[in-house]
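Listed below are the residues making up each chain.
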Amino acid sequence: MTQYPVLSCTAIDAREPRALAEFYRALLGLHYRPGDEAPPPPQADDTDWIVLLDDEEHRVLAVQAKPDLRPSTWPSEEVPMQLHMDFRVPDAAALETQRARAEQLGARLLMDRSADPHEPLHVMADPEGHPFCLLVG
């Protein structure tokens, strides 16, 4: 037994869990835990808990159904962000490449701080409205 608990993964709520899982699967290069793949058509996909794994089969992210989720209105605090993930890239060129990839996958830009000399970053919203950062670090 270790002295401290170890984070297994982060779970994130979604109105459409499959769509959000697919967004993060593509963005982060993850894959589905065996059994969490989408069912073949014409079967309905009523999956309410989806786990994404890295290449070493470690859990990275889980997506759970929350049909009444209200998207964050960040930077307004009307509906707070409640969760925020940061994704590191090696340099400014990678920052722009990953921003474009995220947008192609359905994310939208919330704030552009790419010119910040101390911590260049983009604040993005995933397709469900959860803010996340792409940052050089």
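A brief look at the structure comes next. Here the structure is a predicted model, which is why all the values come from computation and not from measurement. (Residues numbered from 1 in each chain as written. Predicted model: local features only at pLDDT ≥ 70, side-chain atom pairs only at ≥ 80, totals over all residues. Heavy atoms only, no water.)

For the rest of this paragraph, the subject is the sheet that holds strand β7 (residues 121-125). Read across the sheet, four strands follow the order β5-β8-β7-β6 without closing on themselves; strand pairing throughout is mixed. Edge positions in the sheet fall to β5 (85-89) and β6 (108-113), since each of these pairs with one other strand and no more. Neighbour-to-neighbour, the strand axes of the sheet open up by a mean angle of 20°, direction not taken into account. Bridging between β5 and strand β8 (residues 131-136) involves five bridges; their strand directions are parallel. Each residue of the ladder has a partner; that of D86, found in β8, is C133. (Pairing = 2+ DSSP bridges. Helix = DSSP H or I, 4+ residues; strand = E, 2+ residues; numbered from the N terminus. Axes fitted to C-alpha atoms, helices over the stretch in contact; angles between N-to-C directions.)

Turning our attention to helix α1 (residues 17-28). Between its first and last C-alpha, α1 extends 16 Å over twelve residues, near the 16 Å set by a 1.5 Å rise per residue. For α1, the set of buried residues is P17, R18, L20, A21, F23, Y24 and L27. At the C-terminal side of α1, G29 shows a positive phi close to 70°. (Expected span 1.5 Å × (residues − 1). Buried < 20%, exposed > 50% of the residue type's maximum accessible area, 1.4 Å probe, protein only.)

We now examine the pattern of salt bridges. Across all of its chains, the model carries nine salt bridges by this definition. Across the salt bridge formed by E22 and R25, the nearest N and O atoms sit 2.5 Å from each other. You can see E22 and its partner R25 sitting in helix α1, three residues apart, about one turn around the helix. Taking the relative accessible area as the measure of exposure, E22 reaches 31% and is therefore partly exposed. By relative accessible area, R25 is classed as partly exposed at 26%. The residue R99 makes a salt bridge to D112 at a minimum N-O spacing of 3.8 Å. With R99 in helix α2 (residues 92-104) and D112 in strand β6, the pair connects residues that are 13 residues apart, well separated along the chain. Residue D112 is classed as partly exposed on the basis of its relative accessible area of 41%. Connected via shared salt-bridge partners are R99, E103 and D112. (Salt bridge = Lys/Arg side-chain N within 4 Å of Asp/Glu carboxyl O.)

Our next topic: the packing of aromatic side chains. All told, the structure shown has five aromatic pairs when counted by the stated rule. Relative to F87, the ring of Y24 lies with its centre 6.4 Å away and its plane at 45°, an arrangement referred to as tilted. Of this pair, Y24 sits in helix α1 while F87 sits in strand β5, and the two are 63 residues apart along the sequence. Side by side, Y24 and F87 carry an identical accessibility label, which is buried. With a centroid separation of 5.7 Å and 70° between ring planes, the pair formed by F87 and F132 is classed as edge-to-face. Of the two residues, F87 is situated in strand β5 and F132 in strand β8; the sequence distance between them amounts to 45 residues. When its relative accessible area of 0% is taken as the criterion, F132 is described as buried. Here the aromatic residues F23, Y24, F87 and F132 are joined through ring pairs into a cluster of three or more. The cationic tip of R18 hangs over the ring face of Y32; the distance from NZ or CZ to the ring centre is 5.0 Å. (Phe/Tyr/Trp six-rings, centres within 6.5 Å; stacked < 30°, edge-to-face > 60°. Lys NZ or Arg CZ within 6 Å of the ring centre and 35° of its normal.)

So far we have only geometry, and geometry alone does not tell us how the molecule works.
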